[in-house]
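# Breakdown of the fold
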Amino acid sequence: MSVLSKSLNITILGSGAWGTTLATLALQGGHSVRLWSRQSPQPLPEIVEGADVVISAVSMKGVRSVVERMQPLPLSSNTILVSATKGLDSQSGSETQLPLLPSQLWQNAFPTHPVVVLSGPNLAEEIQQGLPAATVVASNHLAAAEVVQEAFSSPRFRVYTNPDLLGVELGGILKNVIAIAVGTCDGLQLGTNAKAALVTRGLAEIIRVGLYWGAKPETFYGLSGLGDLLATCNSALSRNYRVGFGLAQGHSLTDVLAHLQGTAEGVNTTQVLVRLASQQKISVPISQQVHYLLNGEISPQAAVDALMLRDYKPETI
């Protein structure tokens, strides 16, 4: 593996678990790191001044406001923007327009800058413990993706590149909805067979939506698709999994969310996804039941029953 010729100035926006983890990885790589949050005493213009790479690790609900605050700032023309947020923009999308992805919010605001998406099976707590992990960086600008790849690669954190920005980003976003469903399945103690079926059909649902969006199907069998899906559907470290598990235990959504440290992006993603699927006639039966469950329109057991009693059909994507 080649080595960067110089230490990079890396600014990370968002000091939650993931932002802090990315800061740790960058520091271990010998780079200069500045970490910012809304509570930071240092002004944002100072934080981003001279940055070679700016990474957005804020929650989806905060991306628009951070982009707006960044837009007037005099970034270097060579600054690479990296989106590490996994969500759908709830303020966009209609019958004729798809909801915007986090990377698209950044690209629309900074059309001349390279934008990179970082996504994969990356449970922050495990990475902070030094356990091995891998991720994907995707961009329409290969050189920019390679800079980010080299900046974060280490013996404990392997970074791959991928040209399918859409597929990599959507894989990380959509798996959160399925993780809520799987958490519900485990909370009801429905067993390994049910869980395997749910994960498999969940992947088919993700691919169906991704193809509509224009992503490459093979991307969803990689780290940012199947890999991230497996991680979030098999670990209590996943906030989205814990949402489903908590609901299955009889807790209210408000109570479950109040006890999470950080944001369960799948809750908002479900609402936006189901609205899109309804408008465009995309079949998303699992996401639809998750939507009903989150809105309190159905019990966890009734959601499972609804999926099991669907009409017989061939196994297809």
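Overview of the structure.

Basis of the calculations
Residues numbered from 1 in each chain as written. Predicted model: local features only at pLDDT ≥ 70, side-chain atom pairs only at ≥ 80, totals over all residues. Heavy atoms only, no water. Pairing = 2+ DSSP bridges. Helix = DSSP H or I, 4+ residues; strand = E, 2+ residues; numbered from the N terminus. Right-handed = clockwise from strand over helix to strand, strands pointing away. Salt bridge = Lys/Arg side-chain N within 4 Å of Asp/Glu carboxyl O. Buried < 20%, exposed > 50% of the residue type's maximum accessible area, 1.4 Å probe, protein only. Axes fitted to C-alpha atoms, helices over the stretch in contact; angles between N-to-C directions. Contact = heavy atoms within 4.5 Å. Core = buried A, V, L, I, M, F, W, Y, C linked by side-chain atoms within 4.5 Å. Phe/Tyr/Trp six-rings, centres within 6.5 Å; stacked < 30°, edge-to-face > 60°.

## Overview of the pairing of strand S7 (residues 157-162)
When strand S6 (residues 133-139) meets S7, the two strands line up parallel, connected through six bridges. Of the residues in S7, the one forming a bridge with Val136 is Tyr160. Each parallel crossover has a hand, and for S6 linked through helix H6 (residues 142-152) to S7 it is right-handed.

## With respect to the pattern of salt bridges
On inspection of all chains with the given rule, the structure shows four salt bridges. We note a salt bridge from Asp89 to Arg64, for which the minimum N-O separation is 2.8 Å. Residue Asp89 is found in the loop between strand S4 (80-83) and helix H4 (102-109), and its partner Arg64 is found in helix H3 (residues 60-70); the two are separated by 25 residues along the sequence. Overall, the relative accessible area of 3% leaves Asp89 in the buried class. On the basis of relative accessible area, Arg64 is assigned to the partly exposed category, the value being 25%. Between Asp228 and Lys175 there is a salt bridge, with its nearest N and O atoms 3.7 Å apart.

## Regarding the sheet that holds strand S1 (residues 9-13)
Strand order across the open sheet formed by seven strands is S2-S1-S3-S4-S5-S6-S7, with mixed pairing between neighbours. Edge positions in the sheet fall to strand S2 (32-36) and S7, since each has one partner strand and no second. For this sheet the average axis-to-axis angle between neighbouring strands, irrespective of direction, equals 25 degrees. Of the pairings in the sheet, the one linking S1 to strand S3 (residues 53-56) comprises four bridges and is parallel in character. Each bridged residue has a counterpart across the sheet, and for Ile12 the counterpart in S3 is Ile55. Sheet strands in contact with helix H1 (residues 17-28) are S1, S2, S3, strand S5 (115-119) and S7, and its direction is about 170 degrees off that of S2. Docked against the sheet, helix H9 (residues 223-232) engages S5, S6 and S7, running at close to 145 degrees with respect to S6.

## Describing helix H10 (residues 239-248)
With seven of 10 residues buried, H10 is to be regarded as a mostly interior element. For H10, the complete set of buried residues consists of Asn240, Tyr241, Val243, Gly244, Gly246, Leu247 and Ala248. Buried residues along H10 sit in contact with helix H7 (165-187), H9, helix H11 (253-258), helix H12 (265-280), helix H13 (285-294) and helix H14 (300-308). Looking one or two residues past H10, Gly250 carries a phi angle of roughly 95 degrees, positive in sign.

## Notes on the environment of Val48
The topology assignment puts Val48 in helix H2 (residues 44-48). On the basis of relative accessible area, Val48 is assigned to the buried category, the value being 5%. When the C-alpha positions of Val48 and Gly14 are compared, they lie 13 Å apart, and in sequence the two are 34 residues distant. In this structure Val48 touches Thr11, Met70, Leu73 and Leu75, once residues within four positions along its chain are discounted.

## Some thoughts on the nonpolar core
One finds Val243 and Leu294 to be the most contacted residues of the largest nonpolar core, which totals 41 residues. Mapped onto this core, the elements with two or more residues apiece are H7, helix H8 (192-213), H10, H11, H12 and H13. Residue contributions to this core peak at 10 residues, all from H7. What Leu294 contacts, discounting residues up to four positions off in sequence, is Ile180, Val243, Leu247, Leu253, Val267, Thr270 and Gln271. Ala23, Val82, Phe152 and Phe157 belong to the second-largest nonpolar core, a separate cluster that totals 27 residues.

## A closer look at the packing of aromatic side chains
Per the stated rule, a full pass over the model turns up two aromatic pairs. Ring geometry for Trp106 against Phe110: centres 6.0 Å apart, planes inclined by 20 degrees, an arrangement best described as stacked. Residue Trp106 shares its accessibility class with Phe110, and that shared class is buried. Relative to Phe245, the ring of Tyr241 lies with its centre 6.1 Å away and its plane at 25 degrees, an arrangement referred to as stacked. On the criterion of helical spacing, the pair formed by Tyr241 and Phe245 is a turn pair, its members being four residues apart in helix H10.

## Details of unusual backbone geometry
Although it is not a glycine, Gln189 sits at a positive phi angle of roughly 55 degrees. Its location among the elements puts Gln189 in the loop between H7 and H8. Under the relative-accessibility criterion, Gln189 is labelled exposed at 73%. The phi angle at Lys281 is positive, at roughly 60 degrees, despite the residue not being glycine. Residue position: Lys281 is located in the loop between H12 and H13. With a relative accessible area of 72%, Lys281 lands in the exposed category.

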